[in-house]
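Summary of the model geometry
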Amino acid sequence: MRALAQTVLVIVLARLLGAKEYGHFITVLAVASLFSPLAGFGLPGVLLRDGARNQQAIPRQLGAALRLWWPSTILFGAIGVVVALLFLPHGAQASAVVALVLAEVVSSSLVELLARTQQALHRTQRFGAIMAGLVLVRVAALAVYALFARPEMTGWMWTYAASSLAYAAWLLTRARRELQTAGTLSTPAWPLVREGLPFALGACSLRLQAEFNKPVLAQLGYALAGNFSVAQRAVDIANLPLMAMQEALWSRLYASTNPKRRMLVTALFLVMLALLGGVALYLLAPLLPRLIGPGFETTVHLLQWLALLPAVQLVRNFAGFQVIARGETKILGCAYAIGSAIGVITTVVLVTKFGSPGAVSAVYISEVAIILILLSKGDGDENERIHRNDQENLQKSA
């Protein structure tokens with residue numbers, strides 16, 4: 001349902017708005033999405049990891065996470081508004097930009113927090129329903145908007161913001177009601193923040209890799225950003241089945257006493273699926289302009305160049321899981337921070353010189369950098385543990 005809703009949203013919006021206005025909208029949305037992972041200080045990742053191991057503690061941790069969520073949302077939402085107004089080329093109403101950025105930060109961060117809680121409880125259907133619900137509400141809002149007016153960029157920004165905030169308000173009301181019923185006790189907030197910051201840094205790094213290229217491309221033209229965004233969304237939609245399998249797997253791996261063999265077998269199977277999906281994307285790419293209309297011809301080559309990205313991201317996710325499972329989230333944060341810096345630098349340099357192909361190259365470079373760091377750290381830590389165990393065994397023998 002989520003894949004279908006996202007497909008409908010991308011195709012209909014691209015056809016209604018055109019390459020330039022769609023690129024403008026998606027660029028503002030990209031700026032907002034850079035700050036969404038910071039709202040909540042990375043607590044969704046903490047709730048998933050710790051909650052899968054101790055489900056009785058989830059209501060208490062969720063109550064503390066919600067108390068931290070709303071002030072952090074105000075803070076990072078305001079920063080996102082300032083960045084969007086100061087650094088993006090003008091063209092949309094300032095009030096619509098403010099509404100869009102705030103609504104995206106609020107809704108995306110809250111949906112992530114509450115969905116991860118259900119995932120930790122192994123309620124995969126509820127997790128999927130919460131994640132898909134946000135997209136479905138936006139599609140329904142677009143349908144209603146298109147019935148009563150001719151869609152244009154500013155009007156859609158207001159519609160998008162209103163529907164997102166309505167869904168977030170409904171979720172928050174349900175969550176608070178459930179917490180009151182459970183009668184949760186208070187829990188210290190600072191330990192959660194300390195544990196969550198590496199997750200926030202990692203998620204923010206991934207958003208930088210995925211979204212930073214759009215504001216940079218927008219400096220050359222909103223149509224370029226629109227073409228790149230459509231190609232990227234096509235890859236994301238095709239990647240959703242793989243992501244669903246991974247999301248169903250994480251909580252089980254965290255709760256497993258010996259997850260390594262299970263992880264390796266599953267990772268091999270999923271990489272093969274990702275490679276097959278990449279071939280399908282490459283072959284189907286020429287059909288995309290027929291669906292979304294004129295102005296998106298560049299999307300064909302961009303989609304073909306991005307076809308291997310799901311397989312690369314899959315390897316990065318499993319490398320990151322090993323680090324998280326060992327409780328070494330500082331290594332994860334370090335890897336993502338370095339990868340994010342590499343991604344920002346290469347995006348600015350390569351997009352300025354080569355345009356859209358440079359943005360594609362920057363995405364792959366940053367992903368490979370993160371994988372190499374995670375794998376090298378993992379090998380080093382594993383060798384250190386083996387050496388330490390050998391030393392202990394020698395001492396016991398002596």
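For clarity, every value in this text was computed on a predicted model and none was experimentally measured.

Helix and strand counts for the protein come out as 15 helices and 0 strands. Over its C-alpha trace the protein gives a radius of gyration of 21 Å, about what one expects of a compact globule, namely 21 Å for 398 residues. By principal-axis analysis of the C-alpha atoms, the protein measures approximately 80 × 50 × 35 Å. When each of the 398 residues of the protein is scored for burial, the buried share is 53%.

One can describe the packing of helix α2 (residues 43–53) onto helix α9 (residues 222–255) by two numbers: an axis separation of 8 Å at closest approach and a directional angle of 50°. Comparing their axes, α9 and α2 come out oblique. Crossing hand, α2 versus α9: right-handed. Contact residues: α2 offers L48, R49, A52 and R53, while α9 offers S251, Y254 and A255.

This part takes up the pattern of salt bridges. In the structure shown here, the tally under the stated rule is 10 salt bridges. Here E247 ties to R116 by a salt bridge, and the two come within 2.6 Å at their closest N and O atoms. On the criterion of sequence distance, the pair formed by E247 in helix α9 and R116 in helix α4 (residues 94–120) is long-range, its members being 131 residues apart. This pair shows no difference in class: E247 is buried, exactly as R116 is. Residues R233 and E211 are paired through a salt bridge, measuring 3.5 Å at the closest nitrogen-oxygen approach. With R233 in helix α9 and E211 in helix α7 (residues 190–211), this pair connects stretches of sequence that are 22 residues apart. Accessibility expressed as a relative area gives 18% for R233, which makes it buried. According to the relative accessible area criterion, E211 is buried, its value standing at 8%. A cluster of three or more residues bridged by salt bridges with shared partners is formed by E211, K214, R233 and D236.

About the cut-offs
- Residues numbered from 1 in each chain as written.
- Predicted model: local features only at pLDDT ≥ 70, side-chain atom pairs only at ≥ 80, totals over all residues.
- Heavy atoms only, no water.
- Helix = DSSP H or I, 4+ residues; strand = E, 2+ residues; numbered from the N terminus.
- Rg over C-alpha atoms; globule rule 2.2 N^0.38 Å.
- Buried < 20%, exposed > 50% of the residue type's maximum accessible area, 1.4 Å probe, protein only.
- Axes fitted to C-alpha atoms, helices over the stretch in contact; angles between N-to-C directions.
- Parallel < 35°, antiparallel > 145°, perpendicular 65-115°, else oblique.
- Left-handed = near helix turned anticlockwise from the far one by under 90°.
- Contact = heavy atoms within 4.5 Å.
- Salt bridge = Lys/Arg side-chain N within 4 Å of Asp/Glu carboxyl O.

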